[in-house]
Amino acid sequence: MIERRPKTLLAMGVRVAERLVTGPVRERLVTVADVDPDLVAHDFADPRVAAALAEAEVLYTSWGCPPITAEVLAAAPRLRAVVHAAGSVKYHVTDACWQRGLLVSSAAAANAEPVAEFTLAAILFANKRVLEIARLYREHHVALDWDGRFPGFGNYRRTIGIVGASRIGRRVLELLRPFDVDVLIADPYLTEDLGVQHVELDELLARCDVVSLHAPLLPETRHLIDAARLARMRDGATLINTARGALVDQEALTAELVSARLFAVIDHTEPEVLPADSPLYDLPQVLLTPHIAGSLGGELARMADLALDELTRYARGLPFAHGVASETLARIA
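Residues numbered from 1 in each chain as written. Predicted model: local features only at pLDDT ≥ 70, side-chain atom pairs only at ≥ 80, totals over all residues. Heavy atoms only, no water.

- The name an unreviewed UniProt entry assigns to the protein chain is Phosphoglycerate dehydrogenase, from the organism Streptosporangium subroseum.
- Recorded in UniProt for the protein chain, the comment headed Sequence similarities (unreviewed entry) runs: "Belongs to the D-isomer specific 2-hydroxyacid dehydrogenase family." (UniProt positions renumbered as here; feature names shortened; annotations may be inferred.)

Brief notes about the overall build of the protein chain
- Summing up its helical and strand segments, the protein chain has 13 helices and eleven strands in all.
- The globule rule puts the C-alpha radius of gyration for 333 residues at 20 Å, and the 22 Å found for the protein chain is close to it.
- The C-alpha extent of the protein chain, read off along each of the three principal axes, is 70 × 45 × 40 Å.
- Excluding contacts between residues fewer than 6 apart, the proportion of contacts in the protein chain whose partners are at least 24 apart in sequence is 64%.
- Total accessible area computed for the protein chain in this model is approximately 16100 Å², and 54% of it derives from carbon and sulfur atoms.
- Distance between charge centres in the protein chain, computed from 34 positive and 44 negative side chains, equals 3 Å. (Helix = DSSP H or I, 4+ residues; strand = E, 2+ residues; numbered from the N terminus. Rg over C-alpha atoms; globule rule 2.2 N^0.38 Å. Contact = heavy atoms within 4.5 Å. Areas by Shrake-Rupley, 256 points an atom, 1.4 Å probe, with all protein chains shown as cover. Lys, Arg positive; Asp, Glu negative; His and termini not counted. Charge placed at Lys NZ, Arg CZ, Asp CG, Glu CD.)

Some points on the pairing of strand E10 (residues 263-266)
- Here E10 shows a buried face lined by Phe263 and Val265 and a second buried face lined by Ala264 and Ile266.
- Sheet topology places strand E9 (residues 238-241) next to E10; four bridges connect them, and they run parallel. Considered in E10, the bridge of Leu239 is made with Ala264.
- Relative to strand E11 (residues 286-288), E10 is paired through three bridges, and the arrangement is parallel. Paired with Ala264 across the bridge in E11 is Val286. (Buried < 20%, exposed > 50% of the residue type's maximum accessible area, 1.4 Å probe, protein only. Pairing = 2+ DSSP bridges.)

A closer look at empty space enclosed by the protein
- Enumeration over the complete set of coordinates arrives at one cavity of 30 Å³ or more.
- Of the volumes computed, that of the largest cavity is approximately 60 Å³.
- Lining the largest cavity, in full, are Leu239, Asn241, Gly245, Val248, Gln250, Leu253, Ile266, His268, Thr269 and Leu280.
- Looking at the lining of the largest cavity, the elements with two or more residues in it are E9 and helix H12 (250-258).
- Among the residues forming the lining of the largest cavity, the class breakdown is five nonpolar, five polar and no charged. (1 Å grid on protein atoms, 1.4 Å probe; cavity = no way out; pocket = protein on both sides within 12 Å on 5 of 7 lines; lining within 4 Å. Points joined across faces, edges and corners; volume = space filled by probe spheres on them. Nonpolar A, V, L, I, M, F, W, Y, C, P; charged D, E, K, R; others polar.)

Description of the packing of helix H6 (residues 108-128) against helix H9 (residues 167-176)
- Between H6 and H9, whose axes approach to 8 Å, the crossing angle comes to 50 degrees. Taken together, the axes of H6 and H9 are oblique relative to one another. By crossing handedness, the relation of H6 to H9 is classed as right-handed. For the pair formed by H6 and H9, the contact residues are Ala108, Ala109, Ala112, Glu113, Val115, Ala116, Glu117, Thr119, Leu120 and Ile123 on the first element and Arg167, Ile168, Arg171, Val172, Leu175 and Leu176 on the second.
- When grouped by side-chain class, the residues that make up the contact of H6 with H9 number eleven nonpolar, one polar and four charged. (Axes fitted to C-alpha atoms, helices over the stretch in contact; angles between N-to-C directions. Parallel < 35°, antiparallel > 145°, perpendicular 65-115°, else oblique. Left-handed = near helix turned anticlockwise from the far one by under 90°.)

Okay, structure coming up:
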């Protein structure tokens, strides 16, 4: 039973709030917290939010939350926690928040689920050559010699490489367990046994039929997959990127894809919206999607619910189940 309802202020983009705080989420929010669900702080300098900010004990945030700077904190003397109904907190939780000792939680675990589901579908479709066969069937209106065109295609005993033992990477490992595939993982920080073979990245690239990226974008991971590493991949292998476009040298990847040596499923590019003349739009061996693997539509409610669970724990005086620590930020998305 909730013994108190902490004063809470919504802080996110207005359109995000319109999609996130609806129906059961809205009803539950006003039960858990002392909050005006119609007041959304998308700009902390807005005079309309000043009184609420001054009284707020918790910020319930999501995409579009402005940075919580020292100036913002000065205007929020009672603020004690940030509950983020989305993934990364790096864009709004500043050093000043950690210096203040704020408690921070993230719904990254909820956002990981649709990304992992998307990745699993991409892996299974890639090995089955579903997109290529569908295209050829549509063009020729006849069943062709699929075994002749795609020797050995299918998922049985294929080797899948997971780059990054992140929350999403680990969830993909779990989803792959029922399938008759061999799985490798590469992560320089991994010290525990995840039940699959842990190898160096270069070895993984050379051995795998499908390579899926789940590493965070950090200065040291920019262009982690460069021309030399792409060259290590098997002919006909598939690269899946549901993480960040800058993990891959896009020019080098485009050259490999234009040559038709590799296949790719790309959900994130650099820039995020490619120029209209990019060949990636039309290459037949590329599935290009506009950053849709993460939470969208009805999946937003999963993040909102997890964040409400965290807000409920805070109201009951319990520690966050999905707390974020400042010392871990250097190695997470």
